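Okay, here's what each chain looks like letter by letter:
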Amino acid sequence: CETCSKEEAKYRCPRCMKYSCSLLCVKKHKLALSCNGVRDKTAFVSVNEFTDLNLLSDYRFLEDVGRTADAAARHLARHSSTSKRLLSSLRNKAQKCNIDLRTLPVGFTKRRENSTTFNSKENKFYWHLKLVFPHCHAEYTLKRVPDDKTLADILKPYIDPVESDPVVCQRLKIYTASPHSDVRILMKIENRRQNSVRYNELDARRSLLDNLRGKIIIEYPTLFVVLKTVKNDMVVLGQDASEPAESSDSESSSLSSMEEGEIRDSS
């Protein structure tokens, strides 16, 4: 036994190949070596040490992978039609609220993350929402945010010096120490060229739904919280006097060049 060095070994750990004499020594070796006792099916085995047992193990491993892949494909095929109907319904509901909601193909991170739903009984959206605080390099994801909630109320748990969580308050200290009048809430305009990125400034006093009306949303809204007194590279639409005024509807029929590039890469 490689643990107590007293008794004759009866067991061999499938993970680290250590010999043990009893259950007590097995537990001791797992604790000492942080070993879980589960054989590593992908561990490297040199050609000189490769046996028929290793060949059988690899064959069974490949069979397991094949079964898992087949089950995933069947699951996707079974639920794809239902998923498409739900997404179509969600886009239609958004369109009735004057929101151009667009979804990405299966496999994109934002598609997997998105938890936005529409409650027909309440006639209300519950949005998946991401808050970005650039000055502190912090991001927070919110789920099931009702569309009638004001942006000011959404931000209270993060930047309000009284109502915010102490840990969050400490991390976002530059925001909690600033007056509310210095806080700006921006959202990227999705139908712009990549070399001409602009942002819309939202009204914290109005509801999330009112702020999203007339805008293009890719999967879910991402709000950038910035301070007027701190320099940043985000240009609000119309802020640059040298550029002509543009309507957000002029290019609403196309995704941004970055989105299109991602879709081409995915396909």
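Sequence positions are assigned chain by chain, starting from 1 and proceeding in written order. Only residues with pLDDT of at least 70 are given local features in this predicted model, and only at 80 or more are side-chain atom pairs given and counted; all residues enter the totals for whole chains, interfaces and linings. Excluded from the side-chain calculations are hydrogens and water; all other atoms, namely the structure's heavy atoms, are used.

In the annotation of an unreviewed UniProt entry, the entry for the protein reads Box C/D snoRNA protein 1, and the organism field reads Dromas ardeola. UniProt positions are given in the numbering used here, feature names are shortened, and annotations may be inferred rather than shown by experiment. Recorded under Subunit (unreviewed entry), the UniProt text for the protein is reproduced unchanged: "Interacts with FBL, SNU13, NOP58, NUFIP1, RUVBL1, RUVBL2 and TAF9. Interacts (via HIT-type zinc finger) with the RUVBL1/RUVBL2 complex in the presence of ADP." Within the UniProt record for the protein, the comment given under Sequence similarities (unreviewed entry) is "Belongs to the BCD1 family."

Trainee: Help me out: how do you make sense of the overall build of the protein in this one?
Mentor: Numbering of helices and strands runs from the N terminus, with a helix taken as a DSSP run of H or I at least four residues long and a strand as a DSSP run of E at least two residues long. A tally of regular secondary structure across the protein gives eight helices and ten strands. Only protein chains enter the accessibility calculation, which uses a 1.4 Å probe; a residue whose area is less than 20% of its type maximum is buried, one above 50% is exposed, and one in between is partly exposed. Burial analysis of the protein (267 residues in total) assigns 34% to the buried set. Pairs of residues are marked as contacts when any of their non-hydrogen atoms sit within 4.5 Å. Here the analysis covers contacts within the protein between residues at least 6 apart in sequence; of these, 57% occur between residues at least 24 apart. In the form shown here, the protein has an accessible surface area of approximately 17,300 Å², with 52% of it arising from carbon and sulfur atoms. Note that accessible areas follow from Shrake-Rupley with a 1.4 Å probe, and for residues the cover is restricted to the protein chains shown.

Trainee: Looking at this structure, I do not really get a nonpolar patch on the surface. What am I missing?
Mentor: Two joining distances apply to patches: 9 Å for like charges and 5 Å for nonpolar side chains (Val, Leu, Ile, Met, Phe, Trp, Tyr), and every residue must have over 30% relative accessible area and no salt bridge. Each salt bridge in this description consists of a side-chain nitrogen of Lys or Arg and a carboxyl oxygen of Asp or Glu lying within 4 Å of one another. Judged by side-chain polarity, Val45, Phe50 and Leu55 come together as a nonpolar surface patch covering roughly 240 Å² of accessible area. Positionally, Phe50 belongs in the loop between helix H1 (23–33) and helix H2 (52–96).

Trainee: What is the right way to look at the pattern of salt bridges in this model?
Mentor: Side chains that differ in charge, positive against negative, can pair when their charged atoms come close. This model, assessed by the stated rule, comprises 13 salt bridges. Across the salt bridge formed by Glu122 and Lys124, the nearest N and O atoms sit 3.8 Å from each other. A residue is classified by how much of its surface remains accessible, and Lys124, at 17% relative accessible area, is buried. Residue Arg205 pairs with Asp203 through a salt bridge whose shortest N-O separation is 3.2 Å.

Trainee: I keep staring at the environment of His29 and nothing clicks. Help me out?
Mentor: Turning to its location among the elements, His29 is positioned in helix H1. Since its relative accessible area comes to 5%, His29 is described here as buried. For His29 and Tyr19, which are ten residues apart along the polypeptide, the C-alpha to C-alpha distance reads 9.3 Å. With residues up to four places along the chain from it excluded, the contact list for His29 reads Thr3, Cys13, Cys16, Lys18, Ser20, Ser34 and Cys35.

Trainee: In this structure, what is going on with the pairing of strand E7 (residues 183–188)? I would like to understand it.
Mentor: Residues in a regular strand point their side chains to alternate faces of the sheet. With five of six residues buried, E7 lies mostly within the body of the structure. A pair of strands counts as paired when DSSP detects no fewer than two bridges linking them. Looking at chain direction, E7 and strand E10 (residues 222–227) are connected through five bridges and run antiparallel. Looking at the pairing, Arg184 lines up with Val226 of E10. Pairing of E7 with strand E8 (residues 199–202), which is carried by four bridges, proceeds in the antiparallel orientation. Considered in E8, the bridge of Met187 is made with Asn200.

Trainee: I keep staring at the UniProt feature "domain: HIT-type" (unreviewed entry) in the protein and nothing clicks. Help me out?
Mentor: As annotated in UniProt, the feature "domain: HIT-type" (unreviewed entry) corresponds to residues 1–35 in the numbering used here. Secondary structure within residues 1–35 divides into 31% helix and 11% strand; the distance between the first and last C-alpha atoms comes to 16 Å.

Trainee: What am I meant to see in the layout of surface pockets here?
Mentor: Rolling a probe over the atoms, with the probe sized like a water molecule, indicates the empty space that remains. Cavities and pockets are found on a 1 Å grid laid over the protein atoms alone: a cavity is a set of points where a 1.4 Å probe fits but cannot escape, a pocket is an open set with protein on both sides within 12 Å along at least five of seven lines, and a lining residue has an atom within 4 Å of such a point. Grid points are joined across faces, edges and corners, and a volume is the space filled by probe spheres set on the points. Computed from the structure, the largest pocket encloses a volume of approximately 470 Å³. Along the wall of the largest pocket there are 15 residues; nearest its centre are Arg39, Asp40, Val45, Asn54 and Ser57. The classification used treats Ala, Val, Leu, Ile, Met, Phe, Trp, Tyr, Cys and Pro as nonpolar, Asp, Glu, Lys and Arg as charged, and all other residues, Gly among them, as polar. Split into classes, the residues belonging to the lining of the largest pocket amount to seven nonpolar, two polar and six charged.

Trainee: Where do I start with the packing of aromatic side chains in this structure?
Mentor: For any two aromatic rings, the description comes down to two numbers: the centre-to-centre distance and the angle of the planes. Within 6.5 Å between ring centres, the rings of Phe, Tyr and Trp (the latter by its six-membered ring) count as paired, and their orientation is classed by plane angle as stacked under 30 degrees, edge-to-face over 60, tilted in between. For the coordinates displayed, the defined rule picks out seven aromatic pairs. Measuring from centroid to centroid gives 5.1 Å for Phe133 and Tyr175, while their planes differ by 80 degrees, and the two rings are edge-to-face. Taken as a pair, Phe133 in strand E5 (residues 124–133) and Tyr175 in helix H6 (residues 173–176) lie far apart in primary sequence, 42 residues in all. On the accessibility criterion, Phe133 (0% relative accessible area) is buried. Put simply, the rings of Phe133, Tyr140, Tyr158 and Tyr175 touch in pairs and so form one group of aromatic residues.

Trainee: What am I meant to see in H1 here?
Mentor: Helical geometry note: an α-helix holds 3.6 residues per turn, so side chains three or four residues apart project in the same direction. Of all the positions in H1, only Cys25, Val26 and His29 are classed as buried. Projection of H1 onto a plane perpendicular to its axis shows the buried side chains occupying an angular sector of 105 degrees, all on one side. Exposed and facing more than 90 degrees away from the buried side of H1 are Leu23, Leu24, Lys27 and Leu31. Along its buried surface, H1 packs onto strand E1 (11–12) and strand E2 (19–20). Think of the arc as the fan of directions from the helix axis to the C-beta atoms.

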